[in-house]
Each structure stands twice: as structure tokens, then as C-alpha cells.
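The chain contents come next:
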Amino acid sequence: MPDVAFVSFDRLHQGDARKKSVATWVPDLIIEILSKSNSKKEIDRKLTEYFGAGVLLVWIVGPRKKTIKVYSDVHTATLLNSMIRLTVDGGQILPGFAMSIRHLLAKIE
């Protein structure tokens, strides 16, 4: 289960999810916040599961290294930190959404 998930209105109402006791929709964006107990193998497995299910974008937030890896598929990632770029954005999944990398990392420390 991800730490944060965003589901668009269109996906949320596919198959009338409001009548289900268990979610049948797939998030558009998932955010995983790494902890000391997370292994690379575990994160790789989660990425495979998420993209296999139809997730469109995954952010892996590394609070200790102060980085965010933005995955557009299981094998394609862009590494960000506040020295490289000031914001992380939702790309085509959440057009117009952007968040300060420093602000995001400060909220989870």
C-alpha cells in the first residue's frame, strides 16, 4: 500500500467505485516515502506491481538523501533534489500541479 495516492475524477468513477467496499480503481499517481526498513528489492517489486496495475506516475521520496525519483514507467526515472530543480510536478498526469522539493522533504522529516 502506498503512502500517498492520487486518483483522478475520471478513474474514481469508472465502474461506480462508490458502491464497492474495496476500491476497484487504480491511482494515477503514487508517492512512496522511503524508510530505513525499505530495501531496493522491495521498492523494485512495488514499482513492478504499481505499473503493472496501471499506475501512471510514481514518486519515490528519499528523506535521508533528500531526493525524489520520478518514475514514468518501471525502468525510467528522473532523480531530483533541490540543488537540481526547485519543484517536482505532476507532468501530464496532474497538469499545473507543482510542489517545492524542499517543502515536501521538510514535511516528512
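Up top is the structure these notes are about.
Residues numbered from 1 in each chain as written. Predicted model: local features only at pLDDT ≥ 70, side-chain atom pairs only at ≥ 80, totals over all residues. Heavy atoms only, no water.

Visitor: So what exactly am I meant to see when it comes to helix 3 (residues 101-108) here?
Guide: It helps to recall that an α-helix has 3.6 residues per turn; residues three or four apart then point in one direction. Looking only at helix 3, the buried set comprises Ile101, Leu104 and Leu105. Axial view of helix 3: buried residues confined to an arc of 95 degrees, hence all on one face. Opposite its buried face, helix 3 presents the exposed residues Arg102, Ala106 and Lys107, each directed more than 90 degrees away. In this structure, the buried residues of helix 3 make contact with strand 3 (57-62), strand 4 (67-73), strand 5 (76-80), strand 6 (87-90) and strand 7 (94-100). (Buried < 20%, exposed > 50% of the residue type's maximum accessible area, 1.4 Å probe, protein only. Helix = DSSP H or I, 4+ residues; strand = E, 2+ residues; numbered from the N terminus. Arc of directions from axis to C-beta. Contact = heavy atoms within 4.5 Å.)

Visitor: Mind showing me how you'd approach the sheet that holds strand 1 (residues 4-6) here?
Guide: Strand pairing in a sheet takes place through backbone hydrogen bonds and is either antiparallel or parallel in direction. Read across the open sheet, the five strands follow the order 1-2-3-4-5; overall the sheet is mixed. Sheet topology places strand 1 and strand 5 at the edges, where each strand pairs with a single neighbour. Averaged over neighbouring strand pairs, the angle between their axes works out to 15 degrees when direction is ignored. Bridge count for strand 4 against strand 5 is five bridges, and the pairing is antiparallel. Bridge pairing in strand 5 places Tyr71 opposite Ala77. Together, strand 2 (29-33), strand 3, strand 4 and strand 5 form the strand contacts of helix 3, whose direction differs from that of strand 3 by roughly 65 degrees. (Pairing = 2+ DSSP bridges. Axes fitted to C-alpha atoms, helices over the stretch in contact; angles between N-to-C directions.)

Visitor: Before we go on, may I ask you to explain unusual backbone geometry in this structure?
Guide: Negative phi characterises most residues that are not glycine, and trans characterises most peptide bonds. Although it is not a glycine, Lys66 sits at a positive phi angle of roughly 60 degrees. Position of Lys66 relative to the elements: it lies in the loop between strand 3 and strand 4.

Visitor: What should I look at first to understand the layout of surface pockets in this one?
Guide: Of the volumes computed, that of the largest pocket is approximately 520 Å³. What lines the largest pocket is a set of 19 residues, among which Leu34, Ile60, Gly62, Lys65 and Lys69 lie closest to the centre. The dominant element in the lining of the largest pocket, judged by the number of residues it contributes, is helix 2 (residues 40-53), at four residues. Tallied by class, residues from the lining of the largest pocket come to eight nonpolar, five polar and six charged. (1 Å grid on protein atoms, 1.4 Å probe; cavity = no way out; pocket = protein on both sides within 12 Å on 5 of 7 lines; lining within 4 Å. Points joined across faces, edges and corners; volume = space filled by probe spheres on them. Nonpolar A, V, L, I, M, F, W, Y, C, P; charged D, E, K, R; others polar.)

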